[in-house]
Amino acid sequence: MIDVKLNFPGLLPPEKMASGNLRYRVRVEGDKKKRITLTVPPEHPEFHEHYHAARRGIQLKPTQTPVQKSIRGSMAWLCYLHLESLEKKVAAGNASPLTLKKRRGLFKRVIEECGDYRLEMPTHEVVKLRDKFQHTPALADDIVDALSAMYKEAIPHICTVNPAAGVGRIYRGKGGAVPWTVQDLRKYRETHEKGSQAHLCLTLFTFTACRISDAVTLGRGNEFEKDGILGLGWQPRKKGSAPVEIPLMPPLFEATRAAKVQGATYLLTKHGKPYASPDALGQHFRRWCREAGLENRSSHGIRKAAAHLLAQEGCTQYQIMTIHGHTSAKTSEVYTKGVERWKLAKDAMSKLEAMDW
């Protein structure tokens, strides 16, 4: 522990922030009312330089990147190196920002647990790391998946073995998101009146089967006319998805035009602006579901429900795939590239036309 009074005059006792991190501040010499926040902690190698600059009223920024600050060849070094690579891919449009956000959270845990280890981690250590999080099995498996992706990218330039390859999963899911039933849809619509953003949101999910990452961007700019029919088309943000073109069904058309506020996207915040992220929309949608008494429902469950409804109405697997933007089906040996997706989608969506909405 640093002796604040003896060795560092003007350095105030650390303050614990809401995040749990400690904040260090320094009184400017000759001006006791002015304080400078240090951007590095006492254990940082540049702390002395930052402290003396703060005493003179100057706030310095760390000069090293996380990669540069890490011990070369350590797990932390490799994690930060991977994140830097992923950031560049996101900037170039070759990776999803959501993947980057998730990896940052996962690698933060890895670095906390074994950041100083050598990057040549043996498989039994990966298993040990996974088991530390077995009380949250889905998180444990996500960490292993992230490590496997990191090592796969590092081979053969940095290492030669992927110690996470072949490590078994803990979590045994029960089919993922719960599909909505017709009763769920009716209950939600009885709670949220037509013209509301809540009603429009459900209608958009139901009649497009889109992911929430696409729902925040869809708007009139995605509309087009084909074969005399008004359609809606978009390229899903999920990597590997096929372009989607489907008829704009009457219930969705009416809901988009009934919204009290119109903008660049169909779904807007209370301030009339597009949602900043899928997470932001997700928070609102979960609240709307709770207001309708639907605690365990999600937007992805509507996507699954749409597939179930289509199947119950006699749609083929290929028709469902055209609406969901899939390029292949794991349960089928048939590869669907080259199929007339628009024709199939038009036929498939017509199955829902008679639905009471």
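Presented here is a report on the structure given in the accompanying data block. (Residues numbered from 1 in each chain as written. Predicted model: local features only at pLDDT ≥ 70, side-chain atom pairs only at ≥ 80, totals over all residues. Heavy atoms only, no water.)

### Details of the packing of helix H4 (residues 75-91) against helix H5 (residues 97-114)
- Interaxial distance between H4 and H5 falls to 10 Å at its minimum, and their mutual angle equals 175°. Here H5 runs roughly antiparallel to H4, going by the angle between their axes. Where H4 approaches H5, its residues Met-75, Ala-76, Cys-79, Tyr-80, His-82, Leu-83, Leu-86, Glu-87 and Val-90 are matched on the opposing element by Pro-97, Thr-99, Leu-100, Arg-103, Arg-104, Phe-107, Val-110, Ile-111 and Cys-114.
- Its residues assigned to classes, the contact of H4 with H5 comprises 13 nonpolar, two polar and three charged. (Axes fitted to C-alpha atoms, helices over the stretch in contact; angles between N-to-C directions. Helix = DSSP H or I, 4+ residues; strand = E, 2+ residues; numbered from the N terminus. Parallel < 35°, antiparallel > 145°, perpendicular 65-115°, else oblique. Contact = heavy atoms within 4.5 Å. Nonpolar A, V, L, I, M, F, W, Y, C, P; charged D, E, K, R; others polar.)

### Quick notes on the side chain of Arg-130
- Mapped onto the secondary structure, Arg-130 falls in helix H6 (residues 123-132).
- Looking at Arg-130, the relative accessible area reads 13%, which means it is buried.
- A distance of 2.7 Å separates a polar side-chain atom of Arg-130 from the backbone oxygen of Gly-168. (Buried < 20%, exposed > 50% of the residue type's maximum accessible area, 1.4 Å probe, protein only. Polar contact = N/O pair within 3.5 Å; in protein donor to acceptor, adjacent residues only side chain to side chain.)

### Description of helix H11 (residues 250-258)
- If you check which residues of H11 are buried, you get Pro-251, Leu-252, Ala-255 and Thr-256. With its buried residues spanning 130° around the axis, H11 presents them on a single face. (Arc of directions from axis to C-beta.)

### Regarding the pattern of salt bridges
- What the rule picks out here adds up to 15 salt bridges.
- Residues Lys-101 and Asp-279 are paired through a salt bridge, measuring 2.6 Å at the closest nitrogen-oxygen approach. Pair noted here: Lys-101 is in helix H5 and Asp-279 is in helix H12 (residues 278-291), with a separation of 178 residues, a long-range link.
- Exposure remark for Lys-101: the relative accessible area of 52% places this residue in the exposed category.
- A salt bridge links Glu-120 to Arg-118; its shortest N-O distance comes to 3.4 Å. (Salt bridge = Lys/Arg side-chain N within 4 Å of Asp/Glu carboxyl O.)

### Topic: the side chain of His-192
- Of note, His-192 is situated in the loop between helix H8 (182-191) and helix H9 (197-208).
- A polar side-chain atom of His-192 sits 2.9 Å from the main-chain carbonyl oxygen of Trp-288.
- Beyond its immediate sequence surroundings of up to four residues, His-192 is in contact with Ala-198, His-199, Trp-288, Glu-291 and Ala-292.

### Notes on the sheet that holds strand S6 (residues 229-234)
- What the three strands build is an open sheet, ordered S5-S6-S7; its pairing is antiparallel. Looking at which strands have only one partner, the edges of the open sheet turn out to be strand S5 (223-226) and strand S7 (244-247). Strand-to-strand twist of the sheet, defined as the mean angle between neighbouring strand axes without regard to direction, takes the value 35°.
- When S5 meets S6, the two strands line up antiparallel, connected through four bridges. Looking across to S6, one finds that Lys-226 is bridged to Ile-229. (Pairing = 2+ DSSP bridges.)

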